[in-house]
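Architecture and fold: a report
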Amino acid sequence: MDLQPLLERKIHPGIKTAARYCSELAAGREMPSRKDFRPTKVRSILGYIFLLDVLSNGSDYRFSLCGVHISVLYGADVTNMRLSDFSDRDLSGRLTNTYDEVVATRSYKYVRGQYSWPDRAVNIERLLVPMTGPSGQLDAIFGLTIPDCRADMLPIYAGVGVAKLVIDEQITGKVLTL
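Now for a description of the structure that goes with this document.

Conventions we followed
- Residues numbered from 1 in each chain as written.
- Predicted model: local features only at pLDDT ≥ 70, side-chain atom pairs only at ≥ 80, totals over all residues.
- Heavy atoms only, no water.
- Helix = DSSP H or I, 4+ residues; strand = E, 2+ residues; numbered from the N terminus.
- Contact = heavy atoms within 4.5 Å.
- Phe/Tyr/Trp six-rings, centres within 6.5 Å; stacked < 30°, edge-to-face > 60°.
- Buried < 20%, exposed > 50% of the residue type's maximum accessible area, 1.4 Å probe, protein only.
- Salt bridge = Lys/Arg side-chain N within 4 Å of Asp/Glu carboxyl O.
- Polar contact = N/O pair within 3.5 Å; in protein donor to acceptor, adjacent residues only side chain to side chain.

Looking only at helices and strands, one finds five helices and six strands in the chain. For the chain, the succession of helices and strands along the chain, N to C, is α-α-β-β-α-α-β-β-β-α-β. Dimensions of the chain, computed from the C-alpha atoms along their principal axes, are close to 50 × 35 × 30 Å. Across the chain, the fraction of contacts at a sequence separation of at least 24, relative to all contacts at a separation of at least 6, is 58%.

Okay, here's the thing in C-alpha coordinates:
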(Lines give C-alpha, C1' and ligand atoms only; values in the text may rest on other atoms or scores of the structure.)
Protein backbone atom coordinates (compact mmCIF):
# COMPACT_ATOMS: atom_id res chain seq x y z
CA MET A 1 0.00 0.00 0.00
CA ASP A 2 1.51 3.27 -1.10
CA LEU A 3 0.67 6.04 1.38
CA GLN A 4 3.54 8.24 0.19
CA PRO A 5 1.31 10.64 -1.82
CA LEU A 6 -0.67 11.30 1.36
CA LEU A 7 2.47 11.73 3.45
CA GLU A 8 3.68 14.42 1.03
CA ARG A 9 0.57 16.54 1.68
CA LYS A 10 0.01 19.04 4.46
CA ILE A 11 -1.87 16.85 6.92
CA HIS A 12 -2.14 16.60 10.69
CA PRO A 13 0.95 15.04 12.35
CA GLY A 14 -1.29 12.34 13.90
CA ILE A 15 -2.49 11.33 10.43
CA LYS A 16 1.16 11.15 9.32
CA THR A 17 1.97 8.94 12.32
CA ALA A 18 -0.85 6.56 11.42
CA ALA A 19 0.01 6.56 7.70
CA ARG A 20 3.66 5.74 8.41
CA TYR A 21 2.66 2.97 10.81
CA CYS A 22 0.22 1.45 8.29
CA SER A 23 2.88 1.64 5.56
CA GLU A 24 5.30 -0.15 7.86
CA LEU A 25 2.69 -2.83 8.64
CA ALA A 26 1.90 -3.36 4.96
CA ALA A 27 5.59 -3.86 4.16
CA GLY A 28 4.98 -3.96 0.39
CA ARG A 29 1.79 -6.03 0.63
CA GLU A 30 -1.54 -4.85 -0.73
CA MET A 31 -2.77 -4.02 2.79
CA PRO A 32 -1.55 -4.23 6.36
CA SER A 33 -2.57 -7.29 8.34
CA ARG A 34 -4.89 -6.78 11.27
CA LYS A 35 -2.96 -9.33 13.34
CA ASP A 36 0.14 -7.12 13.13
CA PHE A 37 -1.68 -4.02 14.40
CA ARG A 38 -0.64 -3.00 17.92
CA PRO A 39 -2.42 0.09 19.32
CA THR A 40 0.45 0.59 21.76
CA LYS A 41 2.77 1.33 18.83
CA VAL A 42 0.82 4.54 18.19
CA ARG A 43 0.20 5.73 21.76
CA SER A 44 0.20 9.41 20.82
CA ILE A 45 -2.98 8.96 18.76
CA LEU A 46 -4.62 6.12 20.69
CA GLY A 47 -7.66 8.15 21.81
CA TYR A 48 -8.46 9.03 18.19
CA ILE A 49 -8.29 5.49 16.78
CA PHE A 50 -11.13 3.17 15.89
CA LEU A 51 -11.12 -0.28 14.37
CA LEU A 52 -14.05 -1.55 12.34
CA ASP A 53 -14.86 -5.18 11.66
CA VAL A 54 -16.07 -5.58 8.07
CA LEU A 55 -19.07 -7.90 8.33
CA SER A 56 -20.28 -10.07 5.44
CA ASN A 57 -18.08 -8.40 2.79
CA GLY A 58 -19.20 -4.93 3.82
CA SER A 59 -22.91 -5.41 4.41
CA ASP A 60 -22.36 -3.87 7.86
CA TYR A 61 -19.54 -2.67 10.11
CA ARG A 62 -18.91 -3.11 13.83
CA PHE A 63 -16.67 -0.91 15.97
CA SER A 64 -14.34 -3.36 17.74
CA LEU A 65 -12.15 -0.57 19.14
CA CYS A 66 -13.17 3.01 19.81
CA GLY A 67 -10.84 5.61 21.31
CA VAL A 68 -12.13 7.93 24.01
CA HIS A 69 -12.08 11.00 21.74
CA ILE A 70 -14.05 9.15 19.05
CA SER A 71 -16.70 8.45 21.68
CA VAL A 72 -16.96 12.18 22.36
CA LEU A 73 -17.43 12.91 18.64
CA TYR A 74 -20.11 10.23 18.31
CA GLY A 75 -21.80 11.28 21.54
CA ALA A 76 -21.42 7.76 23.00
CA ASP A 77 -19.03 4.85 23.29
CA VAL A 78 -19.76 2.85 20.14
CA THR A 79 -17.44 -0.07 20.93
CA ASN A 80 -19.10 -3.33 19.78
CA MET A 81 -21.87 -1.35 18.06
CA ARG A 82 -22.86 -2.05 14.47
CA LEU A 83 -23.16 0.90 12.15
CA SER A 84 -26.64 -0.33 11.20
CA ASP A 85 -27.65 0.19 14.86
CA PHE A 86 -26.86 3.93 14.84
CA SER A 87 -30.04 5.89 15.55
CA ASP A 88 -29.04 8.71 13.19
CA ARG A 89 -29.65 7.27 9.70
CA ASP A 90 -28.02 10.24 7.94
CA LEU A 91 -24.73 9.81 9.83
CA SER A 92 -24.74 6.02 9.50
CA GLY A 93 -25.48 6.37 5.78
CA ARG A 94 -22.59 8.80 5.19
CA LEU A 95 -20.21 6.63 7.21
CA THR A 96 -21.38 3.47 5.43
CA ASN A 97 -20.76 5.08 2.02
CA THR A 98 -17.24 6.06 3.07
CA TYR A 99 -16.43 2.61 4.49
CA ASP A 100 -17.98 0.90 1.45
CA GLU A 101 -15.58 2.84 -0.78
CA VAL A 102 -12.60 1.63 1.27
CA VAL A 103 -13.82 -1.96 0.90
CA ALA A 104 -14.56 -1.61 -2.82
CA THR A 105 -11.24 0.05 -3.71
CA ARG A 106 -9.21 -1.95 -1.16
CA SER A 107 -7.23 1.22 -0.53
CA TYR A 108 -6.89 3.98 2.03
CA LYS A 109 -9.14 7.01 2.16
CA TYR A 110 -8.30 10.41 3.62
CA VAL A 111 -11.14 12.79 4.44
CA ARG A 112 -11.13 16.39 5.59
CA GLY A 113 -14.45 17.74 6.83
CA GLN A 114 -16.40 18.48 9.97
CA TYR A 115 -18.78 17.06 12.48
CA SER A 116 -21.53 19.55 13.19
CA TRP A 117 -24.25 19.89 15.76
CA PRO A 118 -27.02 22.52 15.78
CA ASP A 119 -24.92 25.04 17.72
CA ARG A 120 -21.30 24.15 16.92
CA ALA A 121 -18.89 22.28 14.65
CA VAL A 122 -15.49 20.59 14.84
CA ASN A 123 -13.22 20.31 11.81
CA ILE A 124 -11.70 16.87 11.40
CA GLU A 125 -9.17 14.92 9.38
CA ARG A 126 -9.75 11.19 8.98
CA LEU A 127 -7.68 8.33 7.64
CA LEU A 128 -9.20 4.94 6.83
CA VAL A 129 -6.97 1.99 5.96
CA PRO A 130 -8.23 -1.49 4.97
CA MET A 131 -6.68 -4.45 6.78
CA THR A 132 -6.59 -8.15 6.04
CA GLY A 133 -7.47 -11.02 8.33
CA PRO A 134 -5.88 -14.46 8.66
CA SER A 135 -7.28 -15.66 5.33
CA GLY A 136 -6.00 -12.59 3.47
CA GLN A 137 -9.53 -11.23 3.05
CA LEU A 138 -10.25 -7.58 3.84
CA ASP A 139 -11.96 -7.91 7.21
CA ALA A 140 -11.18 -4.68 9.07
CA ILE A 141 -10.73 -0.96 8.61
CA PHE A 142 -8.28 0.97 10.75
CA GLY A 143 -9.59 4.48 11.34
CA LEU A 144 -8.23 7.65 12.83
CA THR A 145 -10.23 10.87 13.27
CA ILE A 146 -8.39 13.95 14.50
CA PRO A 147 -10.32 17.12 15.40
CA ASP A 148 -8.80 20.58 15.03
CA CYS A 149 -8.91 21.26 18.76
CA ARG A 150 -6.93 19.99 21.73
CA ALA A 151 -8.19 16.76 23.27
CA ASP A 152 -9.03 18.45 26.57
CA MET A 153 -11.20 20.98 24.71
CA LEU A 154 -13.06 18.41 22.61
CA PRO A 155 -15.94 17.92 25.09
CA ILE A 156 -16.51 21.69 24.98
CA TYR A 157 -16.37 21.97 21.18
CA ALA A 158 -18.35 18.83 20.49
CA GLY A 159 -22.10 19.16 20.69
CA VAL A 160 -24.59 16.98 22.48
CA GLY A 161 -25.85 13.89 20.71
CA VAL A 162 -25.06 12.59 17.26
CA ALA A 163 -23.26 14.89 14.83
CA LYS A 164 -23.79 15.45 11.13
CA LEU A 165 -20.77 14.63 8.97
CA VAL A 166 -19.86 17.11 6.24
CA ILE A 167 -17.02 16.09 3.90
CA ASP A 168 -14.98 18.86 2.27
CA GLU A 169 -12.13 16.89 0.67
CA GLN A 170 -11.47 13.22 -0.06
CA ILE A 171 -8.42 11.40 -1.32
CA THR A 172 -8.55 7.74 -2.19
CA GLY A 173 -5.18 6.07 -2.51
CA LYS A 174 -3.94 3.73 -5.13
CA VAL A 175 -3.22 0.16 -4.20
CA LEU A 176 0.25 -1.17 -4.84
CA THR A 177 -0.19 -4.62 -6.31
CA LEU A 178 2.77 -6.92 -6.54
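What follows covers the packing of aromatic side chains. Counting across every chain of the model gives six aromatic pairs. Here the aromatic rings of Phe 50 and Tyr 99 are separated by 6.5 Å at their centres, their planes lie at 55°, and the arrangement is tilted. Taken together, the residues Phe 50 in strand β1 (residues 49–55) and Tyr 99 in helix α4 (residues 89–105) connect sequence positions 49 residues apart. Relative accessible area serves as the criterion here: at 0%, Phe 50 is assigned to the buried category. Judged by centre distance (5.9 Å) and plane angle (15°), the ring pair of Phe 63 and Phe 86 falls under stacked. Remark: Phe 86 occurs in the loop between α3 (68–74) and α4 and Phe 63 occurs in strand β2 (residues 60–66); sequence separation between them is 23 residues. What links up through ring pairs into an aromatic cluster is the set Phe 50, Tyr 61, Phe 63, Phe 86 and Tyr 99.

Enumeration according to the criterion identifies eight salt bridges in this entry. Put simply, Glu 30 and Arg 106 hold a salt bridge, and the shortest N to O gap is 3.0 Å. With a gap of 76 residues between them, Glu 30 in the loop between α2 (13–26) and β1 and Arg 106 in the loop between α4 and β3 (109–117) connect regions that are remote in the sequence. Between Arg 34 and Asp 53 there is a salt bridge, with the nearest N and O atoms lying 2.6 Å from each other. Of the two residues, Arg 34 is situated in the loop between α2 and β1 and Asp 53 in strand β1; the sequence distance between them amounts to 19 residues. Accessibility expressed as a relative area gives 24% for Arg 34, which makes it partly exposed. Among the charged side chains, a salt-bridge network with shared partners connects Arg 29, Lys 35 and Asp 36.

The next point concerns the side chain of Asp 60. For Asp 60, the location among the structural elements is in strand β2. Note on Asp 60: relative accessible area 10%, which makes it buried. A distance of 2.5 Å separates the side chain of Asp 60 from the side chain of Ser 84, its partner in a polar contact. Apart from the residues within four sequence positions on either side, Asp 60 is in contact with Asp 53, Val 54, Leu 55, Arg 82, Leu 83 and Ser 84.

Nothing here speaks to function; it is geometry throughout.
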